[in-house]
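If you want the building blocks of each chain, they are given just below.
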Amino acid sequence: MAREFTSVGVVGLGTMGAGIVEVFARNGIDVVAVEISAGALERGRANLTGSTDRAVARGKLAEADRDALLSRVDFQVGLDALHSVDLVIEAVPEHLDLKQRLFAELDRICRPETILATNTSSLSVTEISVATGRPNQVIGIHFFNPAPVMKLVEVVRTVVTSAEVVADVEALCARLGKVDVTINDRAGFIANALLFGYLNHAVAMYESHYATREDIDAAMKLGCGLPMGPLALMDLIGLDTAYEILDTMYRRGGRDRRHAPVPLLKQMVTAGLLGRKSGRGFYTYERPGSPKVVPDERTPTAAGPALADGARAIAKVGVVGSGTMATGIIEVFAKAGYEVVSVTRGAEKSAKVCEAVKTSLNKGVVRGKLSEPDRDAALGRVTWSATLDHLADVDLVVEAVIEELSVKKALFASLDEICKPGVVLATTTSSLPVIDVAMATHRPADVVGLHFFNPAPVMPLVEIVRTIRTSEETTVTARAVCAALGKTGVVCADRSGFVVNALLFPYLNDAVRMLEASYSTADDIDHAMKLGCGYPMGPFELLDVVGLDVSLAIQRELYLELREPGFAPAPLLEHLVTAGYLGRKTGRGFRDHTRR
Ligand SMILES: NC(=O)c1ccc[n+]([C@@H]2O[C@H](COP(=O)([O-])OP(=O)(O)OC[C@H]3O[C@@H](n4cnc5c(N)ncnc54)[C@H](O)[C@@H]3O)[C@@H](O)[C@H]2O)c1
């Protein structure tokens, strides 16, 4: 029989603590909520009432239930109030010495059978536990932010945590409606070990002016379907907390440079820019604690006519290529009202592409997303050709041929000879340097990357890749074109992986390393990222969809260009590719897809 928990204590009512109080009280458990001072207690109370009031306003919580919830919480200053609770969970700042002192005190105050839990994200639960006389009753219960919303809890057992305590805490998580994964005590556990390298990398991109905050966040939301972009997430976590987590992970996790906090973070923390909780971090919020972003001096001016200022007029577009991307891109431009010249390497290929575009447009009609006249008009705007000469008078060329530099360079050299002055020449390459392609022409200022995502008619994101030779006018034109297509264009510099792949694939590779190290299972890792971070797919699900060979190739490119040791492809990924386990397309990758 699992132990009954009728009352619990929560220490520290900041970002996490207030949410944890809410989780327990919502589930009928009495909570003693403790802060360090009367002022902090009031802030903690405001955190809790703010969150429950928002839940009521959204219709997710009845007023009577909110009142019952709040009546279960006993707000107190000082730890003495915790003398008779069954479990204490601590959510004070991420400092080992602070937590150790706190646990020694709790050990003195609480009943001998009370379980003492830490919500630490990165510190050693074992080191915290040995500050008490009951290390076998100390455990990690790692909630995710916001605690009332995120389903996952990582239960962290040390080598001395008793099996009974683990079982009791697992049963408690189930009662709270959470899904738990139980794991050993390692820096960052599952989710943060995979998350924080990515977050830090995004901050580094921002710090180096690689892309704007809005563009970095939009890229990850729209390109990967994440619930928030990395910089908005940093603001939610709290920059001080994030700094401490990174710093601890760097020191505990083998001094991986990717966890060394980006200098900007330290500067922001010192300047009091802590994220939502202080009202300002990467973004500015309505007031401290508010989730509402308000415009500030970095907010880009509204889209619309201003966006098109200085842009070249684009009416006729050439699309070169006959693969999946070219087909999708033809459809996107034709639907948006552009006149399109499709160029393939022969009439047969043109017929195939034409058929594919028709099929896709018809699907839109069947689904009620496109009217028949609009479909016919879109098709009527496309002309089919097998010679580049027909591109002499287009305003924009989008190249989507095979991903081979020599082929693309030769094509751009031809376009340079054929196309009229003032044309914008765009490549959809996802991994080659755009500048190499640009330098095959005599007009590198007119060359830009337009990285569409697959399937192009569906995915809302386009990465606009500006080389060091791309003119401002070309970039502005590319932005205006993306807006006219109904896509979000994010501008970034010409570096391997642009924004999305550079941030996504190292994380996937890290997940493979974690599996390889037998720290956890593919199922638990997938669960942790989906339920702890709200990702639409876990890393192994995604790798199997993308294809292990494609993933390995991208990871290799990133490693070769950036020379970051942490980006070296995981040996397990290489072995699976060598073995022909490429994911869904071959029936087997990290999972077997043939048995269903
Ligand atoms: N922020 C996140 O997204 C997140 C997610 C999961 C876990 N965590 C972990 O949760 C813990 C708390 O982080 P946070 O982001 O909520 O921090 P926070 O800064 O928002 O809140 C910490 C609170 O602890 C209080 N406090 C400090 N010393 C205290 C003491 N001696 N006694 C009682 N209260 C004290 C502070 O007044 C403050 O209200 C950390 O260990 C962190 O790693 C954070």
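In this report, we go over the structure that sits alongside the text. (Residues numbered from 1 in each chain as written. Predicted model: local features only at pLDDT ≥ 70, side-chain atom pairs only at ≥ 80, totals over all residues. Heavy atoms only, no water.)

### Points about the site of the ligand
Consideration 1: Not every one of the 23 residues close to the ligand is listed here, only the nearest: Met 16, Glu 35, Glu 94, Lys 99 and Ser 121.
Consideration 2: Here an oxygen atom of the ligand sits 2.5 Å away from a polar atom, N or O, in the side chain of Glu 35.
Consideration 3: For the ligand, the protein covers 87% of the area, taking 830 Å² as the surface of the free molecule.
Consideration 4: For the shell around the ligand, the secondary-structure elements that each account for two or more residues are α1 (15-26) and β6 (138-143). (Near = heavy atom within 4 Å. Polar contact = N/O pair within 3.5 Å; in protein donor to acceptor, adjacent residues only side chain to side chain. Areas by Shrake-Rupley, 256 points an atom, 1.4 Å probe, with all protein chains shown as cover. Helix = DSSP H or I, 4+ residues; strand = E, 2+ residues; numbered from the N terminus.)

### Some thoughts on the packing of helix α7 (residues 191-207) against helix α9 (residues 230-237)
How two helices sit against one another is set out by the angle between their axes and by the gap between those axes.
Consideration 1: Running from N to C, α7 and α9 point in directions that differ by 115 degrees, and their axes come no closer than 9 Å. The angle between α7 and α9 falls in the class roughly perpendicular. For α7 against α9, the interelement crossing comes out left-handed. Counted together, Leu 195, Phe 196, Tyr 198, Leu 199, Ala 202, Val 203 and Tyr 206 of α7 and Pro 230, Leu 231, Leu 233, Met 234 and Ile 237 of α9 form the full contact between these two elements.
Consideration 2: When the residues that make up the contact of α7 with α9 are grouped by side-chain class, the tally is 12 nonpolar, no polar and no charged. (Axes fitted to C-alpha atoms, helices over the stretch in contact; angles between N-to-C directions. Parallel < 35°, antiparallel > 145°, perpendicular 65-115°, else oblique. Left-handed = near helix turned anticlockwise from the far one by under 90°. Contact = heavy atoms within 4.5 Å. Nonpolar A, V, L, I, M, F, W, Y, C, P; charged D, E, K, R; others polar.)

### Topic: α7
Owing to its 3.6 residues per turn, the α-helix aligns residues three or four sequence positions apart on the same side.
Consideration 1: Compared with an ideal rise of 1.5 Å per residue, which puts 17 residues at 24 Å, α7 spans 24 Å between its outermost C-alpha atoms and is within 8% of the ideal.
Consideration 2: Among the 17 residues in α7, 15 count as buried, and that is most of the element. (Expected span 1.5 Å × (residues − 1). Buried < 20%, exposed > 50% of the residue type's maximum accessible area, 1.4 Å probe, protein only.)

### Details of the packing of helix α14 (residues 347-366) against helix α15 (residues 372-380)
Consideration 1: At a closest axis distance of 9 Å, the pairing of α14 and α15 adopts a crossing angle of 160 degrees. As summarised for this structure, α14 and α15 are arranged roughly antiparallel, according to the angle between their axes. Seen along the crossing, α14 lies across α15 with a hand that is right-handed. For the pair α14 and α15, contact is made by Val 357, Lys 358, Leu 361, Asn 362 and Val 365 and by Glu 372, Arg 375, Ala 378 and Leu 379, respectively.
Consideration 2: For the contact of α14 with α15, a count of residues per class yields 5 nonpolar, 1 polar and 3 charged.

### A few points about the sheet that holds strand β5 (residues 115-118)
Within a sheet, adjacent strands bond to each other through the backbone by hydrogen bonds, running parallel or antiparallel.
Consideration 1: Strand order in the open sheet made by the 8 strands is β3-β2-β1-β4-β5-β6-β7-β8, with mixed pairing throughout. Bordering the open sheet on either side are β3 (73-77) and β8 (179-184), each of which pairs with just one other strand. Sheet twist, expressed as the average angle between the axes of neighbouring strands with direction ignored, equals 25 degrees.
Consideration 2: As defined by bridge partners, β5 adjoins β6 across 3 bridges and the pair is classed as parallel. Of the residues in β6, the one forming a bridge with Ala 117 is Ile 139.
Consideration 3: Those strands touched by helix α4 (residues 96-109) are β1 (7-11), β4 (87-90), β5 and β6, and its axis lies near 165 degrees from that of β5. (Pairing = 2+ DSSP bridges.)

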